[in-house]
Amino acid sequence: MAKTSSRDRMNNEINAGSMADIAFLLLIFFLVTTTIVEDKGIMVKLPPWSEEEPDITKLKERNVFSVLVNAQNQLLVRGEPSNIDNLKDRAKEFIRNPQNRPDLAERPTKAIISLKNDRGTEYKTYLEVYNELKAAYNELWDELSRQKFGIPYSEDMAFAYKKAIREEIPFVLSEAEPTAFGEE
Amino acid sequence: MAKFSKKRGKAKPEVSTASLPDIIFMLLFFFMVVTVLRDAELKVQVNTPRATELTKLEEKSMVNYLYIGRPQPRYQELYGTKPRMQLGDKFANLNEIPIFLEKHKVKLPEAKRPRIISSLRVDGEVTMGIVTDVKTELRKAGQLKVNYSAKPKAEKFTRN
């Protein structure tokens, strides 16, 4: 009798020591597999809808930086075939026009970037071009911010600073209705 | 002396680890609840392009997602291989965009509504035709804040 009771005492509990390990394993599994989805992207403000196309013919030609992307994903910048690699630098030079050249924008406030694509243009190419143009503006804003306020430009800097910079170099990008080429 | 130490040894003064599993489970549940899984199952293939000038979307509740891409292989028999748009968890046509936007809008308090952002998750290989159509619909619906979803590029433009 005494023997059985000692047996009971030995076996009446499941060893819960490994429970922690199991739970740890699960925890690590969840930690590794769940990727916190980072939502990032290029912010764009679309123009309000209007039935008629804005007329850009009355703008001076020197103030318009036209970028065309065709259905073969080729670039035509201000009437000449171009490469995406120097698009940003060209746009920057055009907007600021440091040497006051007669064929570039009169003032940054007057500069207009016109982007036009075909319906057959790949989205990837379009976004790359848009990215470069935005980068041009971002770099210009950054330069101006350092020059004027001595701090780098960022989205969450003081509102007054940002406004002052944005007023000096406004972001004007007009997108024309695409031409119906290369639609699949 | 010997007797004394023997008695102590038998007592085994151990810290109880019985509650350790409970603590770990609590951590586990915390992580399981906090990590939000993607709410909609993707029916189109979306591989967003890479870009450098990215802005982070701060408030998730203010964002509605529009997916554009080719249908996944298992849906191709039914929907073909042409790029399609997905709203919520189903394929949708362009004329369903205003209703989709409105449904999202009514869930938010009025003060927050002007800050709604539409996140366009578009596959890089898709042509601009459908993207333009979607953009036009968004403009017509008055939803002008748009975010072209993109992945960060390796060689990032730094402001230093």
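Thoughts on the overall build of chain A
Helix and strand content of chain A: five helices and six strands. When the helices and strands of chain A are listed from N to C terminus, the series reads α-α-β-β-β-β-α-β-α-α-β. When burial is assessed residue by residue, chain A has 23% of its 184 residues classed as buried. Contacts in chain A between residues at least 24 apart in sequence constitute 70% of all its contacts with a sequence separation of at least 6.

A closer look at the overall build of chain B
Helix and strand counts for chain B come out as five helices and nine strands. Ordering the α and β elements of chain B from the N terminus gives α-α-β-β-β-β-α-β-β-α-β-α-β-β. In chain B, buried positions account for 28% of the 160 residues. Residue pairs at least 24 apart in sequence account for 77% of intrachain contacts in chain B once pairs closer than 6 positions are excluded.

Notes on the sheet that holds strand β2 (residues 64–69) of chain A
Residue and element names in this part refer to chain A. Overall, mixed pairing links the five strands, which are arranged β4-β3-β2-β5-β6 in an open sheet. Looking along the sheet, the strands with just one partner apiece sit at the ends: β4 (80–82) and β6 (173–175). For this sheet, the mean inter-axis angle between neighbouring strands, taken without regard to orientation, is 25 degrees. Bridging between strand β5 (residues 112–117) and β6 involves three bridges; their strand directions are parallel. Bridge assignment links Ile113 to a residue of β6, and that residue is Leu173. Here helix α4 (residues 123–148) sits on the sheet in contact with β2, β5 and β6, set at roughly 160 degrees to β2.

Some words on the interface of chain A and chain B
It is common to report an interface's size as the accessible area lost on association of the parts. Contacts between chain A and chain B engage 47 residues on the former and 46 residues on the latter. Among the elements that make up the side of chain A that touches chain B, the one with the highest residue count is α4 of chain A (ten residues). Taken together, the residues of the side of chain A that touches chain B break down into 25 nonpolar, nine polar and 13 charged. By the bridge criterion, five bridges tie strand β1 (residues 40–45) of chain A to strand β8 (residues 145–149) of chain B in an arrangement that is antiparallel. Its bridge partner being in β8 of chain B, Met43 of chain A is matched across the sheet by Asn147 of chain B.

Some remarks on the environment of Val63 of chain B
All names here are of chain B. Take Val63: it is sitting in strand β4 (residues 63–71). Counting along the chain gives 34 residues from Val63 to Phe29, while the straight-line C-alpha distance between them is 26 Å. With residues up to four places along the chain from it excluded, the contact list for Val63 reads Leu57, Ile117 and Ser119.

Thoughts on α4 of chain A
Its 26 residues give α4 of chain A an end-to-end C-alpha distance of 37 Å, which sits within 8% of 38 Å, the value for a rise of 1.5 Å per residue. Remark: Gly150 of chain A follows α4 of chain A within two positions and exhibits a positive phi of approximately 75 degrees.

Concerning the packing of α4 of chain A against helix α5 (residues 159–168) of chain A
Packed helices, taken two at a time, are described by the angle between their axes plus the distance between the axes. All names here are of chain A. Running from N to C, α4 and α5 point in directions that differ by 120 degrees, and their axes come no closer than 10 Å. Here α4 lies oblique to α5, going by the angle between them. Where α4 crosses over α5, the two elements pack in a sense that is right-handed. On α5, the residues that touch Trp141, Leu144 and Ser145 of α4 are Tyr161, Ile165 and Glu168. The residue makeup of the contact of α4 with α5, split by class, is four nonpolar, one polar and one charged.

Some points on the confidence of the model for chain B
Averaged over every residue, the pLDDT of chain B is 83; residues scoring 70 or more account for 85%. Complex prediction metrics read pTM 0.77 and ipTM 0.74.

Focus: the nonpolar core
In this structure, Ala91 and Leu127 of chain A together with Ile68 of chain B are the most contacted members of the largest nonpolar core, which totals 46 residues. The element contributing the most residues to this core is α4 of chain A, with ten residues. Contact partners of Ala91 of chain A, with chain neighbours within four places excluded, come to Phe65, Ile113, Leu133 and Ala136 of chain A.

A look at the pairing of β8 of chain B
Residue and element names in this part refer to chain B. Most of β8 is tucked away, with four of its five residues classed as buried. Inspection of the sheet shows strand β7 (residues 117–122) paired to β8 by three bridges, in the parallel sense. Each residue of the ladder has a partner; that of Leu120, found in β8, is Tyr148.

Description of the pairing of β5 of chain A
Across six bridges, the pairing between β2 of chain A and β5 of chain A is parallel. Pairing of Ser66 of chain A across the sheet is with Ser114 of chain A, part of β5 of chain A.

Some remarks on the packing of helix α3 (residues 87–96) of chain A against α4 of chain A
All names here are of chain A. In contact at an axis separation of 8 Å, α3 and α4 are set at 45 degrees when each is read in the N-to-C sense. Of the possible angle classes, the one that applies to α3 and α4 is oblique. Note that α3 runs across α4; the crossing there is right-handed. The residues of α4 that touch α3, namely those facing Leu87, Lys88, Ala91, Lys92, Ile95 and Arg96, are Val129, Glu132, Leu133, Ala135, Ala136, Glu139 and Leu140. A breakdown of the residues in the contact of α3 with α4 according to their chemical character gives eight nonpolar, no polar and five charged.

Rules behind the numbers
- Think of each chain on its own: its residues are numbered from 1, step by step along the sequence as written.
- Whichever chain is written first becomes A and whichever ligand is written first becomes 1, with later ones labelled in order.
- Per-residue local features are limited, in this predicted model, to residues with pLDDT of at least 70; the limit for side-chain atom pairs, both in listing and counting, is 80 or more; totals at the level of whole chains, interfaces and linings are taken over all residues.
- Counting from the N terminus, the helices are DSSP H or I runs at least four residues long and the strands are E runs at least two residues long.
- To sort residues by burial, count the other C-beta atoms lying within 10 Å of each one's C-beta; a count of 20 or more means buried, 12 or fewer means exposed, and anything in between means partly exposed. C-beta atoms are built from the backbone.
- We call two residues in contact whenever the C-beta atoms placed from their backbones are within 7 Å.
- A pair of strands is labelled paired if DSSP reports no fewer than 2 bridges between them.
- Axis lines are fitted through C-alpha atoms, for helices just across the contact stretch, and the angle between N-to-C directions can take any value from 0 to 180 degrees.
- Classes in brief: Ala, Val, Leu, Ile, Met, Phe, Trp, Tyr, Cys and Pro nonpolar; Asp, Glu, Lys and Arg charged; the others, Gly included, polar.
- Here the expected length of a helix is defined as 1.5 Å per residue gap, with one fewer gap than residues.
- Roughly parallel means an angle under 35 degrees; roughly antiparallel, over 145; roughly perpendicular, 65 to 115; everything else is oblique.
- By definition, any crossing whose near helix is turned counterclockwise from its far helix by less than a right angle is left-handed, and any crossing with a clockwise turn is right-handed.
- Confidence scores per residue from the predictor, reported as pLDDT, run from 0 to 100.
- Put simply, a nonpolar core is buried Ala, Val, Leu, Ile, Met, Phe, Trp, Tyr and Cys residues tied into one set by C-beta atoms within 7 Å.

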